[in-house]
Amino acid sequence: MSETKPEKKILDLARRAMPKQTPWERVKNFDEVALGYPAETAVGEAARCLQCKKPLCNQGCPVGIDIPGFIRRIVEGDFAAGVKKIKKTNALPAICGRVCPQEEQCEKTCVLGNKRSPIAIGRLERFLADWEAAAGRTEVPDMAPKTGRKVAIVGAGPAGITVSNDLIILGHDVTIFEALHECGGVLMYGIPEFRLPKAIVNREVDYVRSLGVKIFTDFVVGKTRTVDRLLQDFDAIFVGSGAGLPWFMEIPGENLNGVYSANEYLTRVNLMKGFRFPEYKTPVKRPSRVAVVGGGNVAMDSARTAVRLGADEVHLVYRRSKAELPARAEEVENAEEEGVIFDLLTLPVRLIGDANGWIKEMECLRMELGEPDASGRRRPVPVEGSNFIARFDAVVIAIGNSPNPLIPMTTPGLEINKKGGIVTVPETAQTSRPNIWAGGDIVRGAATVISAMGDGRVAAASIHRYLMNLGSKA
Ligand code: FAD
C-alpha cells in the first residue's frame, strides 16, 4: 500500500486589493476613492494573519489596539466583538482605518511583510467600523460611575476627541470648546471628502457626544474665554488646538492674488464647500494651471482637489526626489493615477504677477541631491544657472504648519518651545502648569492623526490620576 504524503499547507500570501473608483470616474467627483472591503474579502484578508504569539504589529500602534484580537474576530465572523475590541482603545476606527500611515506603523512590523505583503490592518479596521455603521449599531464600552470632576477640552480634533472619549468613560464630566462651527479639526477642514467623507467624521463625533460629552462650537478659547477663566469652572484642561499656522516660502510674490496656503485652499473646499458655489457661499477659483508646492499628504490633497475642480494641468513641485516624498505611498499613487504631474527636484524662487496683481508665472530652480541633512534625507542642492519660468494661474503652498499661537500667547506660565509648540512631559502630557495638559499637533507641530490620539490617551490617563487624587465630588 503506498503511503500518501500529507498535503503541504499552502500559505495564502496575496494581500487583498481594495476596490477603488477608477481614475477617470473619480477625477470628476468628490466621492470617496477607496470603496472598502466587502465582508468576504475582509474575512479572506484576516485569515492570512498568523496570530503571532508575540505580535509585533501591536507595538507599532500608538494607541495600543489589540490588532491580532480584532483580526481573529473577523475570521470568526463575530464583527460586533471585533468592533468592541478596537473601541477599547480607539474611539475613531473609521477615521484611522482610512488615514493612518499604517505602512509606517502596525503594517511595517507585521512579520508577513518580511516575505510578502503585510496584513492590510488599516483596511480591516475600516471594514469593522463601516460594518458597525451600516448595521446601525453602536458598540458602547462599560462606563464608570460619575466622579463629579469637570474637564474642559480645547479643540475638537483627534487629540481632543480621544481625551474626551477616555475621560467620559472613566466617569468625569467633559466639555469640548471648539473654535470652528464644525468638529473634527483637520479631519473636517483639511483632509478632503474623497479621502475621508465628512459623514464619517460627524458619525464619530456624534458617538462621543452620545456618551455624554458636551460640545460648544464657535468658541475660541483665548478670545471668547481664556484658559485661566475656564479653570475657574473646571478641575483640569486639555489643550488640543492643533497646528494650523501655515508656513510660506518667503520668496517674492507670495502675496499675489491666486496664491493660497493649503490651509485656506482646503478649508474653502472641505469646510465651506466652495466646490458647490453658489449653493454654498464661499467661492473658490477654478484655475486652469495649478502649482502645488510641497510633497506631503497636504500637498497631495491640494493637488487632487485642484484636479477635481477642473484644472487642465496640476503640477506638484517638490525640491527633493520621489524617494523622499513624505506623503503616504498610496496617496502618491492615487495622485499619479489622477494625472498630477510631479515636478521633482524643483524649487520655486519667485512668483510673478500680472498688471492686476494676479499670479501668472513661477520662477524655479532645478535641484540635485547632496549629502544627507539632519533629517537623514539627502539635502537638495541648487543646480547653478538652471532657472526656468513656468506659467500658472494659481499656486498652493503646502510646505508645513506651526502650532496655533493663540493659547500659548494668552496662557501665562505655559512653557513653549522654539517652534511654538507647548512643552509637555511625554509620559504624562502634562504642561508646565499643574492643571493643564496638552497633546497632538499643538505639542508636536504638524504630525499624524494617530500620534494626536496617542497623546490624547496618555493625557487622559494622567488627568484621571490627577482627578482621583483630588477625590470624587459626586
Ligand atoms: P487638529 O486636527 O488641528 O484639531 C485642532 C482643533 O482645535 C481644530 O478643530 C481647531 O479649530 C481647534 N482650535 C484651535 N485653536 C482653538 C482655540 N483657541 N479654541 C478652541 N478651539 C481651537 N495625518 C494622518 O495621520 N494621515 C493623513 O492622511 C493626514 N492627512 C492630512 C491632510 C491634511 C490636508 C492636513 C492639514 C493634515 C493631515 N494629517 C494627516 C495630519 C493630521 O490631520 C493632524 O496631525 C491631526 O489632525 C492633529 O490632530 P489635533 O487634534 O492635534 O489637531
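In this report, the structure presented in the accompanying data block is examined. Owing to the predicted nature of the structure, the values given are computational and were not obtained by experimental measurement.

A closer look at the side chain of S402
Position of S402 among the secondary structure elements: in strand β15 (residues 401–402). Here S402 falls in the buried class, since its relative accessible area comes to 16%. Looking at S402, its side chain comes within polar contact range of the side chain of W247, at 2.6 Å. What S402 contacts, discounting residues up to four positions off in sequence, is A243, G244, L245, W247 and K419.

Section: the site of the ligand
Neighbouring the ligand are 36 residues, the closest being V99, E178, R195, V221 and D441. Measuring from an oxygen atom of the ligand, one finds a side-chain N or O atom of E178 at 2.6 Å. Residue A179 places a main-chain N or O atom 3.0 Å away from a nitrogen atom belonging to the ligand. Protein contact buries 95% of the 1000 Å² of open area that the ligand shows by itself. Those elements that place two or more of their residues in the shell around the ligand are α8 (158–169), α13 (297–308), α15 (406–410) and α17 (449–470). Among the elements that line the shell around the ligand, the one with the most residues is α13, at three residues. Residues of the shell around the ligand, tallied by class, amount to 21 nonpolar, 11 polar and four charged. When we break the shell around the ligand down by domain, the ones giving at least three residues each are domain 2 (150–244 + 402–470) and domain 3 (248–399).

Section: unusual backbone geometry
One non-glycine residue, Q51, adopts positive backbone phi at about 50°. For Q51, the position within the fold is in the loop between α2 (39–46) and α3 (67–76). The exposure class assigned to Q51 is partly exposed, which follows from its relative accessible area of 27%. The backbone phi angle of E250 is positive, close to 60°, even though this residue is not glycine. With respect to the secondary-structure elements, E250 resides in the loop between β5 (245–246) and β6 (259–261). Judged by its relative accessible area of 73%, E250 is exposed.

About the cut-offs
- Residues numbered from 1 in each chain as written.
- Predicted model: local features only at pLDDT ≥ 70, side-chain atom pairs only at ≥ 80, totals over all residues.
- Heavy atoms only, no water.
- Helix = DSSP H or I, 4+ residues; strand = E, 2+ residues; numbered from the N terminus.
- Buried < 20%, exposed > 50% of the residue type's maximum accessible area, 1.4 Å probe, protein only.
- Polar contact = N/O pair within 3.5 Å; in protein donor to acceptor, adjacent residues only side chain to side chain.
- Contact = heavy atoms within 4.5 Å.
- Near = heavy atom within 4 Å.
- Areas by Shrake-Rupley, 256 points an atom, 1.4 Å probe, with all protein chains shown as cover.
- Nonpolar A, V, L, I, M, F, W, Y, C, P; charged D, E, K, R; others polar.
- Domains from an automatic or database assignment.

These figures come from the coordinates and say nothing about function on their own.
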